[in-house]
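Fold and geometry: a report
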Amino acid sequence: MCTDLGTDRDVMVQCRLIVGLRECPETLMAAGTLLPDLRYRLGFCVVRLPCLEERREEIGPLAALFLSRCREETGVLGPQRFAPDVLPVLEAGAWPGNVRELQAVIRLLS
């Protein structure tokens, strides 16, 4: 239940809250940066997505996808594929910003 803004009427709502954390919730609770009460209110289903550094096999396909998206979004007929020496460099990167960082780099390269 929530109150309809500007009235005193209650309205039934259904919603889901999806929260993304850079660290495991239990680790954050142990460090004191996440209250246990909040952790349990968020729910019991934790889906761990490995960082891009742990999924290096996805870097090439993601980079190709982002390159094609750049061409579509900008309308600029830039390169259609990467030079052979580019992908090994991308795959060797640390990518602390994960997929968003990879996408930003591809935009700069295209």
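Computed from a prediction, not measured in an experiment: that's the story for all the values here.

Let's shift gears to the layout of surface pockets. By volume, the largest pocket amounts to about 1,000 Å³. Contributing to the lining of the largest pocket are 26 residues, with Val-19, Gly-20, Leu-21, Val-47 and Leu-49 lying nearest its centre. Classifying every residue of the lining of the largest pocket by side-chain character gives 17 nonpolar, 3 polar and 6 charged.

To continue, consider the pattern of salt bridges. Close approach of charged atoms allows side chains of opposite charge to pair. Across all of its chains, the model carries 4 salt bridges by this definition. Note that Arg-41 is salt-bridged to Asp-37, the shortest N-O span being 2.8 Å. With Arg-41 and Asp-37 both in helix α2 (residues 36–42) and 4 residues apart, the pair spans about one turn of that helix. Its relative accessible area of 66% is what places Arg-41 among the exposed residues. Close ionic contact of Arg-55 with Glu-58 constitutes a salt bridge, the shortest N to O distance being 2.8 Å. You can call Glu-58 partly exposed: its relative accessible area is 30%.

Cut-off values and rules
- Residues numbered from 1 in each chain as written.
- Predicted model: local features only at pLDDT ≥ 70, side-chain atom pairs only at ≥ 80, totals over all residues.
- Heavy atoms only, no water.
- 1 Å grid on protein atoms, 1.4 Å probe; cavity = no way out; pocket = protein on both sides within 12 Å on 5 of 7 lines; lining within 4 Å.
- Points joined across faces, edges and corners; volume = space filled by probe spheres on them.
- Nonpolar A, V, L, I, M, F, W, Y, C, P; charged D, E, K, R; others polar.
- Salt bridge = Lys/Arg side-chain N within 4 Å of Asp/Glu carboxyl O.
- Helix = DSSP H or I, 4+ residues; strand = E, 2+ residues; numbered from the N terminus.
- Buried < 20%, exposed > 50% of the residue type's maximum accessible area, 1.4 Å probe, protein only.

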